[in-house]
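# An overview of the molecular structure
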Amino acid sequence: MVSLDIGADRLVTLRFMPPYLDEDERAYLDALAEIGRQQSSFALLTVFGGGRGLSQAGEREQALWFKATRAQVGRLCRACAIVRPDASEKTAETFRKLCPFPIIADRDEAVGRAFLLQHLVAAS
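Before going into details, it helps to say that this report is about the structure given with it. Residue positions are given per chain, counted from 1 along the sequence in the order it is written. A pLDDT threshold of at least 70 governs which residues receive local features in this predicted model, and a stricter bar of 80 or more applies before side-chain atom pairs are shown or counted, although totals over entire chains, interfaces and linings include all residues. Here the side-chain values reflect all heavy atoms present in the structure, with hydrogen atoms and water set aside.

## A short note on the nonpolar core
Counting residues in each nonpolar core, the largest one holds 25 residues, and the members touching the most others are L14, Y28, I35, F42, L44, F101 and I103. Secondary structure counts use DSSP, requiring at least four H or I residues in a row for a helix and at least two E residues in a row for a strand, with both numbered from the N terminus. Mapped by element, the contributors of at least two residues to this core are β2 (11-16), α1 (24-36), β3 (42-48), α2 (56-76), β4 (77-83) and β5 (103-106). Considering each element in turn, this core owes the most residues, 5 residues, to α1. Only heavy atoms enter the contact rule, under which two residues are in contact if any of them lie within 4.5 Å. Here L44 is in contact with V12, I35, C77, A79, C80, A81 and L116, once residues within four sequence places are set aside. As used in this record, nonpolar core signifies buried Ala, Val, Leu, Ile, Met, Phe, Trp, Tyr and Cys residues forming a set joined through side-chain atoms within 4.5 Å. Per-residue accessibility, obtained with a 1.4 Å probe over protein chains only, is compared with the maximum for each type, and a residue is labelled buried under 20%, exposed over 50%, and partly exposed between these values.

## So, the pairing of β3
Of all 7 residues that make up β3, 7 are buried, and the element is covered over most of its length. Residues F42, L44, T46 and F48 of β3 are buried on one face, and the alternating residues A43, L45 and V47, pointing to the opposite face, are buried as well. Here a strand pair is declared whenever DSSP counts at least two bridges between the two strands. One ladder, built from 6 bridges, connects β2 with β3; its direction is parallel. Across the sheet, the residue bridging to L11 is A43, located in β3.

## Here we look at the sheet that holds β5
The sheet built from 5 strands is open, its strands ordered β1-β2-β3-β4-β5 with mixed pairing. One side of each edge strand has no neighbouring strand; the edge strands of this open sheet are β1 (2-6) and β5. The sheet shows a mean angle of 10° between the axes of neighbouring strands, direction not considered. Where β1 and β2 come together, 5 bridges link them in antiparallel fashion. From the neighbouring strand, L4 faces β2, where its bridge partner is L14. Axis angles are defined between N-to-C directions and span 0 to 180 degrees, where every axis is a line fitted to C-alpha atoms and, for a helix, only to the segment in contact. Sheet contacts for α2: β3 and β4; angle to β4, the most-contacted strand, approximately 100°. Against the sheet, helix α4 (residues 109-123) touches β2, β3, β4 and β5, its axis set at about 175° to β4.

See below:
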C-alpha cells in the first residue's frame, strides 16, 4: 500500500508498505509526481517495507521523475530519511551522491523522523 502525507509541519511522508496491491506502482509514481510539485521547503520521510520493487517501466519513470525534478527537489528539500528494513550507511551514501541535502538511512522510523525535525527546525 502506498500513501503520501504532506503535513502542515512541512514533513512529507511517503510510505510503500505491505500489504502490496496491484495499483501500488502507479500510486508510488503519482506520489513522486506530487512531491515534485511542492512549491515550498519540506523534509522527506520515505518508509519502505522492503518487499515489492518497481517494474522496468516503473524504474524508468522513476528515473525520469528524478531527472526532471532533481533541481527543484534539491532546492526545496531540507533533508531526507530513508527508512527500510535493509537500511545502512551505504544506502545513505548512495543517495548523498545524488542529492544536495542531508540524508540518513535507518531501520527505525523514529530515528528518521527525529533527524528530519532537527533539520526543519534548523531551516526555520
